[in-house]
Amino acid sequence: MTQNKNNQPEEPIQDDAVLGEDVEELKRDMRSAKIVDWMQKNKQQLIAATVVFIIIMVGTALWMEKQKAIKASAAMVYFQALSTKDDGQRKVLLENVIQDYADTGYSILAHIRLAPLGDTEKHLRAVMNASSATPEFQWQARLDLAEYLIQHQKSDDAKGLLNDAVGKQYEQLRFYLLSKTVSGDEKIKYLQKALDAISNDDVLKANIEAQLAQAGV
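Note that this is a predicted model, so its numbers are computed, not measured. (Residues numbered from 1 in each chain as written. Predicted model: local features only at pLDDT ≥ 70, side-chain atom pairs only at ≥ 80, totals over all residues. Heavy atoms only, no water.)

How do you make sense of the side chain of Arg174 when you look at a structure like this?
Here Arg174 is to be found in helix 8 (residues 171-179). Owing to a relative accessible area of 7%, Arg174 belongs among the buried residues under this scheme. Within the structure, the side chain of Arg174 is placed 2.6 Å from the backbone oxygen of Leu162, a separation counted as a polar contact. Polar contacts involving the side chain of Arg174 include one to the side chain of Glu171, which spans 2.6 Å. In contact with Arg174, other than residues within four places in its own chain, are Leu143, Leu162, Asn163, Asp164, Ala165 and Val166. (Helix = DSSP H or I, 4+ residues; strand = E, 2+ residues; numbered from the N terminus. Buried < 20%, exposed > 50% of the residue type's maximum accessible area, 1.4 Å probe, protein only. Polar contact = N/O pair within 3.5 Å; in protein donor to acceptor, adjacent residues only side chain to side chain. Contact = heavy atoms within 4.5 Å.)

Below you can see the structure in the form of structure tokens.
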């Protein structure tokens, strides 16, 4: 006599979602096992890479701290120079800033402060050629040097510096200085351009207007 099929034990039926989770977990376990195996095989390289990374991080932190200390020292010497009333002592301190802290922005400032104290052309050209100097500092140094050359009867050299444009805020002074290197109609042309440019100096503007009025313009 055959047994009723209903009496046979049934296979448990798994839900598709549960089965999917089991498969994903198995995949994760396999990936983890591969990663662990790879790490074991490359243990020495991983240790070396970690050591190198730590050295780089520590080195970078030390370098940054050193740069901060250098800037702080440069600032201290620079402001000490500004506070002294003796031009000789000020010159020595500013030259120390340039020599000892050449890679800081205070070196540029020291060149600017030293320009009126001696070797004007050297210090202004240093600012003009410094890659770390802002365009504004370079423009002002170029104009200051052109004015210095004009005062020393070197108009042709000054004109060479003034031919290139500068920022809009500096164009009035550039045209005014150009007017001092020429004469006649060309002088009036540059004075008119100076008057039409943006003005940041009321005294300079009044001087330009007076010269134009004197020329009958």
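Just to check I follow, could you spell out the environment of Asn96 for this structure?
The residue Asn96 is located in helix 3 (residues 87-100) in this model. Residue classification places Asn96 among the partly exposed residues on the basis of a relative accessible area of 29%. A C-alpha to C-alpha distance of 9.0 Å links Asn96 and Ala74, two positions 22 residues apart in sequence.

Please explain the packing of helix 5 (residues 120-129) against helix 6 (residues 135-151) as it appears in this structure.
Each pair of packed helices can be described by the angle between their axes along with the distance between the axes. Contact pair helix 5 / helix 6: the axes reach a minimum separation of 8 Å and the direction vectors enclose 155°. Between helix 5 and helix 6, the crossing angle belongs to the class labelled roughly antiparallel. The hand of the helix 5/helix 6 crossing is left-handed. Of the residues in helix 6, those in contact with Thr120, Glu121, Leu124, Arg125, Val127 and Met128 of helix 5 are Phe137, Gln138, Ala141, Arg142, Asp144, Leu145, Tyr148 and Leu149. Residues that form the contact of helix 5 with helix 6 fall into these classes: 8 nonpolar, 2 polar and 4 charged. (Axes fitted to C-alpha atoms, helices over the stretch in contact; angles between N-to-C directions. Parallel < 35°, antiparallel > 145°, perpendicular 65-115°, else oblique. Left-handed = near helix turned anticlockwise from the far one by under 90°. Nonpolar A, V, L, I, M, F, W, Y, C, P; charged D, E, K, R; others polar.)

Would you mind going over the pattern of salt bridges with me for this structure?
If the charged atoms of two oppositely charged side chains come close together, the side chains can form a pair. Tallied over the full model, the rule gives 3 salt bridges. When the shortest N-O distance is used, the salt bridge between Lys159 and Glu186 registers 3.9 Å. A residue pair is termed long-range when its members are at least 10 positions apart, and Lys159 in helix 7 (residues 155-162) and Glu186 in helix 9 (residues 184-196) qualify at 27 residues. The class of Lys159 is partly exposed, set by a relative accessible area of 25%. Glu186 sits in the partly exposed class, given a relative accessible area of 33%. (Salt bridge = Lys/Arg side-chain N within 4 Å of Asp/Glu carboxyl O.)

What is the right way to look at helix 8 in this model?
Given 3.6 residues per turn, any residue in an α-helix points the same way as the ones three and four places further on. Here helix 8 lies mainly inside the structure; 8 of its 9 residues are buried. All buried positions along helix 8 are accounted for by Glu171, Gln172, Arg174, Phe175, Tyr176, Leu177, Leu178 and Ser179. On its buried side, helix 8 packs onto helix 6, helix 7, helix 9 and helix 10 (202-214).

Just checking my understanding: could you explain the environment of Gln172 for this structure?
Within the secondary structure layout, Gln172 lies in helix 8. Judged by relative accessible area, which is 2%, Gln172 ranks as buried. For the pair Gln172 and Asp196, spaced 24 residues apart in sequence, the C-alpha to C-alpha distance is 7.8 Å. One polar contact links the side chain of Gln172 to the main-chain carbonyl oxygen of Ala194, over a distance of 3.0 Å.

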